[in-house]
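# Observations on chain architecture
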Amino acid sequence: VLPFPAGQVRLASGPVLSRSDSLQVTLYGRGGHGSGPETTIDPVVMAAATVMRLQTIVSREVSMSDSAVVTVGSMQAGSSANIIPDEAQLQLNVRTYDDAVRDKVLASIKRVIDGEASISGAPRPPLLTMLGQFPLTVNDEEATAKVAEGLKQRLGADRVQPASSANASEDFTVFARAWDVPSVFWFVGGTDPKLYAEVEKAGTLNALPANHSPEYAPVLNPALRTGVETMLAAAGQWLVATSPASGAR
């Protein structure tokens, strides 16, 4: 469910969702009293410098013809205003479509983190831990065409639109890879159509609440009904093809 008009469906063949890698980084310092920073190695400053430097990886190391996102979603350190802690933790997320770009970005992340720790005089190297990974989601061309035809028959061609690839990730494709079968992932609109039309006219689509925003609340109808109908229509394409009446065995 994505923030485009409820009642619409979007799909396309090929890569539709990015690969995802999530990491946790622990930066080590030397704690002490806030009034005597010269006696410490401040992991908060180390973490802040690391966050800022990580933002240059995509802007300065990834070609404009490639695609990558590096996000620091969590930064935690200390528990009191007047105490410099002895460590800080960052949690990062990386989105890519190409394995070579992914390898380059992950290597750059490690280089930046190690470099900032070294410059800060950290007492020991940072600890990098992989938290989770989602593979690239690729829609099978033949199966996508079959699903698209079923959706158009059920909903009408005007409600089924082409989708562009999204820098989001899903574990859906794990099933298809485990079973070695073709798969199709499609998107259902969740935004009130009138609201969408208003913000589109105003040129402020980016201001619409999107997935994971605390303000994101898909409208129940017609989003839910559309979602159910798409599942029925897609399944129906294969049920009809394998029914006894079709002559298939």
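Moving on, we come to helix 1 (residues 43-61). Along its 19 residues, helix 1 runs 26 Å from first to last C-alpha, staying within 8% of the 27 Å computed at 1.5 Å per residue. For helix 1, the set of buried residues is Pro43, Met46, Ala47, Thr50, Val51, Leu54 and Ile57. Looking down the long axis of helix 1, one finds its buried residues gathered within 140° of arc, a one-sided arrangement. For helix 1, the exposed residues set more than 90 degrees away from the buried face come down to Val45, Met52 and Arg60. Looking at the buried residues of helix 1, the elements they touch are strand 4 (19-28), strand 6 (68-77), strand 7 (83-84), strand 8 (87-96) and helix 2 (99-120).

The strand order across the open sheet built from four strands is 6-8-4-9, with neighbouring strands paired in antiparallel fashion. In this open sheet, the two edge strands, each paired with only one partner strand, are strand 6 and strand 9 (127-134). Averaged over all pairs of adjacent strands, the angle between strand axes in this sheet comes to 20°, irrespective of strand direction.

A few words now on the pattern of salt bridges. Following the criterion strictly, the structure yields six salt bridges and no others. Among the salt bridges present, the one from arginine 111 reaches glutamate 61, with a minimum N-O distance of 2.7 Å. Of this pair, arginine 111 sits in helix 2 while glutamate 61 sits in helix 1; the two residues are 50 residues apart in sequence, bridging distant segments of the chain. With its nearest N and O atoms 2.7 Å apart, the salt bridge here joins aspartate 114 to lysine 110. With aspartate 114 and lysine 110 both in helix 2 and four residues apart, the pair spans about one turn of that helix.

Volume-wise, the largest pocket comes out at about 780 Å³. Looking at the largest pocket, it is lined by 23 residues, and the ones nearest its centre are Leu2, Pro3, Ala166, Ala168 and Asn211. Looking at the lining of the largest pocket, the element that brings in the most residues is strand 1 (residues 2-5), giving three residues. Its residues placed into classes, the lining of the largest pocket shows 13 nonpolar, seven polar and three charged. One number sums up the size of the second largest pocket: a volume of about 600 Å³. Along its surface, the second largest pocket is lined by 26 residues, and Phe172, Val184, Phe185, Trp186 and Met231 are the ones closest to its centre. Secondary-structure elements contributing two or more residues to the lining of the second largest pocket are helix 3 (141-155), helix 4 (172-179) and helix 6 (220-242). It is helix 6 that contributes the most residues to the lining of the second largest pocket, 10 residues altogether. Partitioning the lining of the second largest pocket into residue classes produces 23 nonpolar, three polar and no charged.

Cut-offs applied
Residues numbered from 1 in each chain as written. Predicted model: local features only at pLDDT ≥ 70, side-chain atom pairs only at ≥ 80, totals over all residues. Heavy atoms only, no water. Helix = DSSP H or I, 4+ residues; strand = E, 2+ residues; numbered from the N terminus. Expected span 1.5 Å × (residues − 1). Buried < 20%, exposed > 50% of the residue type's maximum accessible area, 1.4 Å probe, protein only. Arc of directions from axis to C-beta. Contact = heavy atoms within 4.5 Å. Pairing = 2+ DSSP bridges. Axes fitted to C-alpha atoms, helices over the stretch in contact; angles between N-to-C directions. Salt bridge = Lys/Arg side-chain N within 4 Å of Asp/Glu carboxyl O. 1 Å grid on protein atoms, 1.4 Å probe; cavity = no way out; pocket = protein on both sides within 12 Å on 5 of 7 lines; lining within 4 Å. Points joined across faces, edges and corners; volume = space filled by probe spheres on them. Nonpolar A, V, L, I, M, F, W, Y, C, P; charged D, E, K, R; others polar.

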